[in-house]
Amino acid sequence: MPNAFSKEERVAFEQLIEGFHDALVLSRNVATYRTDSTSMERASDVVWRPMPYIAQSFDGMDQSSNFGDYTQLSVPATLGFSKSVPWQMDAKELRDALQENRLGEAAKQKLASDINVAIMNVASQQGTMVVKRTGTTYGFDDVANCEAVMNEIGVPSYDRFLALSTRDYNKMASNLANRSLDASKSLAAYERAFVGQIASFDTYKLDYANRLTAAVPGAGVTINGANQYYTPKATSTAGTGEKSNVDNRYQNINITVGAGGALKVGDAFTITGVNSVHAITKQDTGQLQTFRIVAIVSGGGTAGANVVTISPPIISAQGGTKAEVTYKNVTATPANSAPLTFLNTAAANINPFWQRDALEILPGRYAVPADSGASVMRASTDQGIELVMQKWYDIKLMKTLFRVDTLFGVVNKQPQMSGILLLDQT
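Residues numbered from 1 in each chain as written. Predicted model: local features only at pLDDT ≥ 70, side-chain atom pairs only at ≥ 80, totals over all residues. Heavy atoms only, no water.

Caption draft 1: The sheet that holds strand β13 (residues 251–262), seen in detail. Strand order around the closed barrel formed by six strands is β10-β13-β16-β15-β14-β17, with antiparallel pairing between neighbours. Between one strand and the next, the sheet's axes are offset by a mean angle of 50°, whatever the strand orientation. As defined by bridge partners, strand β10 (residues 221–223) adjoins strand β17 (residues 339–342) across two bridges and the pair is classed as antiparallel. Residue pairing for β17: Thr-222 is matched across the bridge by Pro-339. (Pairing = 2+ DSSP bridges. Helix = DSSP H or I, 4+ residues; strand = E, 2+ residues; numbered from the N terminus. Axes fitted to C-alpha atoms, helices over the stretch in contact; angles between N-to-C directions.)

Caption draft 2: Spatial organisation of unusual backbone geometry. Cis rather than trans, the peptide bond between Ser-311 and Pro-312 has omega equal to 0°. Position of Pro-312 relative to the elements: it lies in the loop between β16 (302–311) and α7 (322–326). The backbone of Ala-317 shows a phi angle near 65°, a positive value even though the residue is not glycine. Using a relative accessible area of 17% as the deciding quantity, one classes Ala-317 as buried. (Buried < 20%, exposed > 50% of the residue type's maximum accessible area, 1.4 Å probe, protein only.)

Caption draft 3: Layout of the pattern of salt bridges. In total, this model carries twelve salt bridges according to the counting rule given. Between Lys-110 and Asp-114 there is a salt bridge, with the nearest N and O atoms lying 2.4 Å from each other. Remark: Asp-114 and Lys-110 occur in helix α3 (residues 97–126); sequence separation between them is four residues, near one turn of the helix. Overall, the relative accessible area of 43% leaves Lys-110 in the partly exposed class. Residue Asp-114 is classed as buried on the basis of its relative accessible area of 11%. The salt bridge involving Asp-247 is made with Arg-249; its shortest N-O contact spans 2.8 Å. (Salt bridge = Lys/Arg side-chain N within 4 Å of Asp/Glu carboxyl O.)

Caption draft 4: Representation of the sheet that holds strand β24 (residues 418–425). Taken in spatial order, the six strands make up an open sheet running β5-β24-β19-β6-β8-β7, and their pairing is mixed. Bordering the open sheet on either side are β5 (129–134) and β7 (197–198), each of which pairs with just one other strand. Note: β5 against β24, five bridges, orientation parallel. The partner of Val-131 across the bridge, within β24, is Leu-421. Packing against the sheet, helix α4 (residues 140–152) makes contact with β5, β6 (160–165), β7, β8 (201–206), β19 (351–355) and β24, and its axis sits at approximately 150° to β5. (Contact = heavy atoms within 4.5 Å.)

Caption draft 5: Focus on the environment of Gly-220. Along the chain, Gly-220 turns up in the loop between β9 (211–212) and β10. Sequence spacing of Gly-220 and Ala-303 is 83 residues, and the spatial spacing of their C-alpha atoms is 9.4 Å. Other than its neighbours up to four places away in sequence, Gly-220 contacts Thr-256, Val-257 and Gly-258.

Caption draft 6: Structural detail: helix α5 (residues 166–177). With twelve residues, α5 extends 16 Å from end C-alpha to end C-alpha; this agrees with the ideal 16 Å at 1.5 Å per step. Buried within α5 we find Asp-168, Tyr-169, Met-172, Ala-173, Asn-175 and Leu-176. Buried positions in α5, seen along its axis, are confined to an arc of 160° and lie on one side of it. (Expected span 1.5 Å × (residues − 1). Arc of directions from axis to C-beta.)

Caption draft 7: Spotlight on the packing of aromatic side chains. Taken as a whole and assessed by the stated rule, the structure comprises seven aromatic pairs. Both rings, one in Phe-161 and one in Tyr-204, keep their centres 6.4 Å apart while their planes meet at 40°; by these two values the pair is tilted. Within this pair, whereas Phe-161 is found in strand β6, its partner Tyr-204 is found in strand β8, the two being separated by 43 residues in sequence. Since its relative accessible area comes to 2%, Phe-161 is described here as buried. Tyr-204 gets classed as partly exposed once you look at its relative accessible area, which sits at 24%. Measuring from ring centre to ring centre gives 6.0 Å for Phe-161 and Trp-354, while their planes differ by 35°; the resulting arrangement is tilted. One end of the pair, Phe-161, is in strand β6; the other, Trp-354, is in strand β19, and 193 residues separate them in sequence. Each member of the pair, Phe-161 as well as Trp-354, carries the same accessibility label: buried. Over the face of the ring belonging to Tyr-33 we find Arg-49, whose NZ or CZ atom lies 3.7 Å from the ring centre. (Phe/Tyr/Trp six-rings, centres within 6.5 Å; stacked < 30°, edge-to-face > 60°. Lys NZ or Arg CZ within 6 Å of the ring centre and 35° of its normal.)

Caption draft 8: The nonpolar core, seen in detail. If you look at the biggest cluster of nonpolar residues, it comprises 30 residues, and the most contacted ones within it are Phe-20, Trp-87, Ile-115, Ile-119, Trp-354 and Ile-361. For this core, the elements supplying multiple residues, two or more each, are β4 (81–90), α3, β6, β20 (359–363), β22 (386–394) and β23 (399–412). The leading source of residues in this core is α3, at nine residues. Once residues within four sequence positions are removed from consideration, Trp-87 is found in contact with Leu-103, Gly-104, Ala-107, Met-389, Thr-400, Leu-401, Phe-402 and Val-404. Core analysis: the next-biggest nonpolar cluster, separate from the first, contains 23 residues, Ile-153, Ala-173, Phe-353 and Leu-423 among them. (Core = buried A, V, L, I, M, F, W, Y, C linked by side-chain atoms within 4.5 Å.)

Caption draft 9: Region of interest: α4. Between the first and last C-alpha of α4 there are 18 Å, a value that for 13 residues agrees with the 18 Å anticipated at 1.5 Å per step. Considered for burial, the residues of α4 that qualify are Asp-142, Val-143, Ala-144, Cys-146 and Met-150. Gly-154 lies just past α4 and shows a positive phi near 85°.

Caption draft 10: Structural detail: the pairing of β13. Pairing between β10 and β13: three bridges, direction antiparallel. The partner of Ile-223 across the bridge, within β13, is Ile-255.

Caption draft 11: Representation of the environment of Gln-383. The topology assignment puts Gln-383 in the loop between β21 (375–380) and β22. On the basis of relative accessibility, which here comes to 8%, the residue Gln-383 falls in the buried class. Between the alpha carbons of Gln-383 and Tyr-33 there is a distance of 8.9 Å; along the sequence they are 350 residues apart. Residues in contact with Gln-383, not counting those within four places in the same chain, are Leu-24, Ser-27, Arg-28, Val-30, Thr-32, Arg-34, Ile-361 and Pro-363.

Interpretation note: all reported values are geometric properties and have no functional meaning in isolation.
Now the structure itself:
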């Protein structure tokens, strides 16, 4: 073929895919769901992924009245990220093969960064466990509080991960280096600012991190209206009789924002009188449930009546249905005029933490024809994330066009199994 890749280019592509896999730091620590290309195309690149079941148990031998259907909750996952790095080189520039390899290396780094950033954004924006830490000492106690929050609500104790901004990570390493620990661990913390595993979490250092500015509740924010609880359901039925799946990760609530208030997406808060419960035993943890604002529906987040979308929903089992009892996550429905207390009281880096099964990456695939004039190479990582490299020569301009592409999706299947650590709060 006139546009066929040279042997050197094929070797360079193999090295590119190897380095691409090595650079996927965060994606290796989330679950993977391999999609079927044909099915995804027919479903507009959306697939509904199941949330974990929660079972109930009852006393006694006679269980006649306890048989019933379980409500299977699911969430939509989309192949929503289509990333590409294109470039061109003329016939003179192609005389330097090293220059071509450098551009390929830059493409690999950018696409790997795009995937890592997508995972970090989903974890940072949708995680609902919020650990607020004050003071200027950083270290084991901060991470141990993340572990405590997870343990209290029954998150599996394995495959836990914490990604810290560089400055916060290095502060943790400083704390570790000054402890009387195994000499090799303290030395690694001192020489390489390395933390490793701490309080059951595998930790990672981010060279980029999202930031969350302080909430501005003004004169105060309160619940506007009683009986604002959520009833989980697997499907909803339209007036025409058609059934569709329901995303049970969110709930709209009515609130009143006091004078001077300016709420925003990302703000974290608790509600007076609303504690979290263990997911399985339903026992009161004694700790206030944390919530995140994921959308401002009306009111603009400013003074007056507002409707906001929060996560997780308030499932208090007040309605008494089996689905509510099964997925109960709080001790009580908030009372009318119950105050909201905001946790992000100072601007800070967002340090996401999660259990592997909470987050999922969905590798996609482009069906690029190999006989249409352009030369095509493709390869996948062991997770199934595919890179496609194409090359086409334009005889009119004596220029060769290259592009490297990847298609993927990221979904937070269970926001209550992921959260954020906020340091330097007031």
